[in-house]
Amino acid sequence: MFEKLENTKNKFYELEKDLANPDLIANMDEWQKVNREYVDLRPLVKAYEEYRKNEDTIKENKEMLEMAEDQEMKDLLHEEIGEAEDKLESLEEKITFLLIPKDPNDYKNVFVEIRSGAGGDEAALFAGDLYRMYQMFANNNGYKTEEIEYSEQGTGGVKEVIFMVKGEGAYSKLKYESGVHRVQRVPQTETQGRIHTSTATVAVLPEAGKIDIEIDESTELRIDYYRSSGAGGQHVNTTDSAVRITHLPTGIVVACQDERSQIKNKAKAMNIMYAKLYDFKLEQQQKELSEDRKTQVGTGDRSEKIRTYNFPQGRVTDHRINKTIYQLDNFLNGDIQEMIDALILEDQTKKLELSQNK
């Protein structure tokens, strides 16, 4: 492991030199690629250097201990050795987790799709609650959100919404949200106080592009233009600006009518199409790697019930890791980082166990 870490450290400092190379700076796409690798390696290299520093501290203090005659000095050296050994143990655990292969999509922006499920208007209201929750989470983390497509249901409910979350590491935070979310509460229209169960589905797709997916637009796509429709305002106009794109080989369909410009709607729809096809590609790969798929914490099957929001008990429970948080109001106000951190830790632990068993 230490030989690998030494090689990683050497590569890290080579990349640091490359980033200052004028020829590389002139090619911004290539510079960003090198910088991404450099940034990814930094935590591991810094942890490794700190590990080596503590090793040297232990070695030097043990040599001094052999020559020390004063009891007070001996006690001080023993104390410093103990502290350094504790740090070594902590750093070794940290390095082990940092050596787990990273998801190459973690740094990307994401598309989030929320659809109301079983439960009629109550499900649509819950879908709206989830939309607001993710918007507030994004805002709390300095991310930007951009609405792509919005379809209402009932009064204040959401039938379907597609939006983008832009920011460094957005996918790494939100990728565990894919699946079926269930709510248990008394609807406003319920006169006898009975608790109803409704659902909404969430899909999180990493932003993709021509580098990730190749599309032959002339043979693989059917593009239809039509007049926008909806509740009015920004979601409706009187020209054929709405766009529906069908990927013929897979049957994936994307529609966008949020913009008044046909060109802008097509550009947004194509961005979503690239993301959906990339997600489709990833899903096919994961099915082939069934063993790896078993280690995932809810980043695959869209039909998996992942979480329950129970209003009478004021709790939210994630069924994949059996974690419950009794602060439902705060959670729905975007304070979901504690759950995300627990999901990341569980995912890393499972991947570590898999790598050690191979």
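Thresholds applied
Residues numbered from 1 in each chain as written. Predicted model: local features only at pLDDT ≥ 70, side-chain atom pairs only at ≥ 80, totals over all residues. Heavy atoms only, no water. Phe/Tyr/Trp six-rings, centres within 6.5 Å; stacked < 30°, edge-to-face > 60°. Helix = DSSP H or I, 4+ residues; strand = E, 2+ residues; numbered from the N terminus. Buried < 20%, exposed > 50% of the residue type's maximum accessible area, 1.4 Å probe, protein only. Expected span 1.5 Å × (residues − 1). Polar contact = N/O pair within 3.5 Å; in protein donor to acceptor, adjacent residues only side chain to side chain. Pairing = 2+ DSSP bridges. Axes fitted to C-alpha atoms, helices over the stretch in contact; angles between N-to-C directions. pLDDT = per-residue confidence, 0-100. Contact = heavy atoms within 4.5 Å. Patch = residues over 30% accessible without salt bridge, like charges linked within 9 Å, V, L, I, M, F, W, Y side chains within 5 Å. Areas by Shrake-Rupley, 256 points an atom, 1.4 Å probe, with all protein chains shown as cover. Salt bridge = Lys/Arg side-chain N within 4 Å of Asp/Glu carboxyl O. Lys, Arg positive; Asp, Glu negative; His and termini not counted. Charge placed at Lys NZ, Arg CZ, Asp CG, Glu CD. Core = buried A, V, L, I, M, F, W, Y, C linked by side-chain atoms within 4.5 Å.

**A word on the packing of aromatic side chains**
Point 1. Counted by the stated rule, this structure contains seven aromatic pairs.
Point 2. With a centroid separation of 5.3 Å and 65 degrees between ring planes, the pair formed by Phe126 and Tyr309 is classed as edge-to-face. Placement of the pair is Phe126 in helix α5 (residues 120–140) and Tyr309 in strand β9 (residues 305–310), with a sequence separation of 183 residues.
Point 3. Phe126 sits in the buried class, given a relative accessible area of 1%.
Point 4. Grouping aromatic residues by their ring pairs yields a cluster made of Phe12, Tyr13 and Tyr38.

**Remarks on helix α4 (residues 71–98)**
Point 1. Under the 1.5 Å per step criterion, the end-to-end length of α4 is 40 Å for 28 residues, consistent within 8% with the ideal 40 Å.
Point 2. One side-chain oxygen of the residue at the start of α4 lies 3.2 Å from the amide nitrogen of Glu72, identifying that residue as Asp70.

**A short note on the sheet that holds strand β8 (residues 252–256)**
Point 1. Strand order across the open sheet formed by three strands is β6-β7-β8, with antiparallel pairing between neighbours. The sheet is open, and its two borders are formed by β6 (221–226) and β8, each paired with just one other strand. Between one strand and the next, the sheet's axes are offset by a mean angle of 15 degrees, whatever the strand orientation.
Point 2. Where strand β7 (residues 242–247) lies against β8, five bridges are found, and the strand directions are antiparallel. Note on β8: the bridge partner recorded for Arg244 is Ala255.

**A short note on the side chain of Glu122**
Point 1. Locating Glu122 in the fold gives a position in helix α5.
Point 2. Assessed through its relative accessible area of 10%, Glu122 is described here as buried.
Point 3. A polar contact of 2.4 Å, which involves the side chain of Glu122, links it to the side chain of Arg185.

**Focus on the confidence of the model for the chain**
Point 1. For the chain, the mean per-residue pLDDT works out to 85, and 89% of the residues sit at or above 70.
Point 2. The low-confidence segment residues 231–236, where pLDDT is below 50, has 15 contacts with residues more than four positions distant or belonging to other chains.
Point 3. Low pLDDT (under 50) marks residues 289–296, which in the prediction has twelve contacts with non-local residues, meaning those over four places away or in another chain.

**Regarding a negative patch on the surface**
Point 1. Taken together, the side chains of Glu69, Asp70, Glu72, Asp75, Glu79, Glu80, Glu83, Glu85, Asp86, Glu89, Glu92 and Glu93 make up a negatively charged region of the molecular surface.
Point 2. Considering the arrangement of structural elements, one finds Glu89 in helix α4.

**Remarks on the nonpolar core**
Point 1. Counting 36 residues, the largest nonpolar core has Val112, Ile114, Leu130, Tyr134, Val165 and Tyr309 as the members making the most contacts within it.
Point 2. Of all the secondary-structure elements, those providing two or more residues to this core are β1 (110–116), α5, β3 (157–166), α6 (170–174), β5 (196–206), α10 (328–332) and α11 (337–357).
Point 3. Ranked by residue count, the leading element in this core is α5, at eight residues.
Point 4. In this structure Ile114 touches Ala127, Leu130, Tyr131, Tyr134, Lys159, Glu160, Val161, Phe163, Thr201 and Val202, once residues within four positions along its chain are discounted.

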